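Geometric and topological summary
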Amino acid sequence: MGLTERERLSREVHAVHENARQAKTVFDLEAKKIQKLDDAIDEERPAHAAAEEELADLCVELSTLAERAAQADDRRAPIERLPPGGPT
């Protein structure tokens, strides 16, 4: 193996090391971004759970109000069928 072959191989090894270093840098930066996103998700999780609970409560309340409205309509129907001025 001549000196030029050693130099070529040395340059290739150096290039591979440089590529690996750059890849590790990118990997580390992306890992930090992922960690920040995970942290943001962890912070939002309680608020999301509270919103889901509030939504469930509102659905129950809406259902209750709809049932009451239906009952009021049922009570109102016989009254509306009465002749004007009351029974004769």
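As shown above, the structure is provided for reference.
Residues numbered from 1 in each chain as written. Predicted model: local features only at pLDDT ≥ 70, side-chain atom pairs only at ≥ 80, totals over all residues. Heavy atoms only, no water.

What to know about the overall build of the protein chain
In plain terms, the rule: For the purposes of this entry, the term helix denotes a DSSP run of H or I that reaches at least four residues, the term strand denotes a run of E that reaches at least two, and both are numbered from the N terminus. When we talk radius of gyration, it's over C-alpha atoms, and the globule rule is simply 2.2 Å times the number of residues to the 0.38. Residue burial is assigned from relative accessible area. The probe radius is 1.4 Å, only protein chains are included, and a residue is buried under 20% of its type maximum, exposed over 50%, and partly exposed in between. Each accessible area is a Shrake-Rupley result for a 1.4 Å probe, and residues are judged covered by the shown protein chains and nothing else.
Scanning the protein chain from N- to C-terminus turns up 1 helix and 0 strands. Relative to the globule expectation of 12 Å for 88 residues, the C-alpha radius of gyration of the protein chain, 37 Å, shows a markedly less compact shape. Along the three orthogonal principal directions, the C-alpha set of the protein chain runs to about 125 × 20 × 15 Å. Out of the 88 residues in the protein chain, the part that is buried amounts to 1%. Carbon together with sulfur atoms contributes 60% to the accessible area of the protein chain, which is approximately 8100 Å² in total.

Quick notes on the pattern of salt bridges
Side chains carrying opposite charge are able to pair once their charged atoms draw close together. Inclusion rule: Basic side-chain nitrogens of Lys or Arg form a salt bridge, by our definition, when they fall within 4 Å of a carboxyl oxygen of Asp or Glu.
On inspection of all chains with the given rule, the structure shows 8 salt bridges. Among the salt bridges present, the one from Glu12 reaches Arg8, with a minimum N-O distance of 2.2 Å. Placement of the pair is Glu12 and Arg8 together in helix α1 (residues 3-81), with a separation of 4 residues, close to one helical turn. Classification of Glu12 as partly exposed rests on a relative accessible area of 39%. When the shortest N-O distance is used, the salt bridge between Arg45 and Asp42 registers 2.9 Å. With Arg45 and Asp42 both in helix α1 and 3 residues apart, the pair spans about one turn of that helix. When salt bridges with common partners are traced through the structure, they connect Glu5, Arg8 and Glu12 into a single cluster.

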